[in-house]
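What follows is the residue order along each chain.
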Amino acid sequence: RCYGFSCEGTLYSPIALAKTIVGPDPEASATQPPTCLVVGAMSTGHITIEDHPYIEKMLSISKYPLSGGTALSRVMGGIEHH
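Residues numbered from 1 in each chain as written. Predicted model: local features only at pLDDT ≥ 70, side-chain atom pairs only at ≥ 80, totals over all residues. Heavy atoms only, no water.

Novice: What exactly am I supposed to notice about the nonpolar core here?
Specialist: In a soluble, globular protein the nonpolar side chains are often hidden away together inside. Membership of the largest hydrophobic core is limited to 10 residues, which are Tyr3, Phe5, Tyr12, Leu17, Ile21, Val22, Leu59, Ile61, Ala71 and Val75. In this view, Tyr3 contacts Ile21, Thr35, Cys36, Leu37, Val38, Ile55, Lys57 and Leu59; residues no more than four positions away in its chain are not counted. Counting residues in each nonpolar core, the second largest holds 5 residues, with Cys2, Val38, Ile47 and Ile55 among its members. (Core = buried A, V, L, I, M, F, W, Y, C linked by side-chain atoms within 4.5 Å. Buried < 20%, exposed > 50% of the residue type's maximum accessible area, 1.4 Å probe, protein only. Contact = heavy atoms within 4.5 Å.)

Pasting the structure below:
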């Protein structure tokens, strides 16, 4: 499973995103395939599925552009609270 992050992706709150990525039972996630998160940390532009064909779905945790560090902090915070 590979997800890309862009402010143009499907919008989730950090905790709702964690539930989508990890699933309702974290213990059962050991049997699921690994998850890859592609975060574009560049000052201009954004990542797209056309540029990275291995991305299955584009996700967003903000409707505004965020720095890579801020985006990862929100995602990991959501997973931690999940």
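Novice: Can you help me understand the packing of helix α1 (residues 14–22) against helix α2 (residues 68–81) in this one?
Specialist: Axes are the key here: two packed helices are described by the angle between their axes and the distance separating the axes. Axis separation between α1 and α2 bottoms out at 8 Å; the angle between their running directions is 70 degrees. Compared by their axis directions, α1 and α2 come out roughly perpendicular. Only Arg74, Val75, Gly78, Ile79 and His81 of α2 make contact with α1, whose side of the interface consists of Pro14, Ile15, Leu17, Ala18 and Val22. Within the contact of α1 with α2, the residues separate by chemical class into 7 nonpolar, 2 polar and 1 charged. (Axes fitted to C-alpha atoms, helices over the stretch in contact; angles between N-to-C directions. Helix = DSSP H or I, 4+ residues; strand = E, 2+ residues; numbered from the N terminus. Parallel < 35°, antiparallel > 145°, perpendicular 65-115°, else oblique. Nonpolar A, V, L, I, M, F, W, Y, C, P; charged D, E, K, R; others polar.)

Novice: I keep staring at α2 and nothing clicks. Help me out?
Specialist: Since one α-helical turn is 3.6 residues long, residues separated by three or four positions face the same way. Compared with the 20 Å implied by 1.5 Å per residue over 14 residues, the 20 Å span of α2 between its first and last C-alpha is a close match. Three or more residues of α2 are buried, namely Gly68, Ala71, Val75, Gly77 and Gly78. On its buried side, α2 packs onto β1 (2–11), α1 and β2 (36–39). (Expected span 1.5 Å × (residues − 1).)

Novice: How do you make sense of the side chain of Ser60 when you look at a structure like this?
Specialist: Mapped onto the elements, Ser60 comes out in strand β3 (residues 57–60). Since its relative accessible area comes to 1%, Ser60 is described here as buried. In contact with Ser60, not counting residues within four places along its chain, are Ser6, Cys7, Gly9, Thr10, Leu11 and Tyr12.

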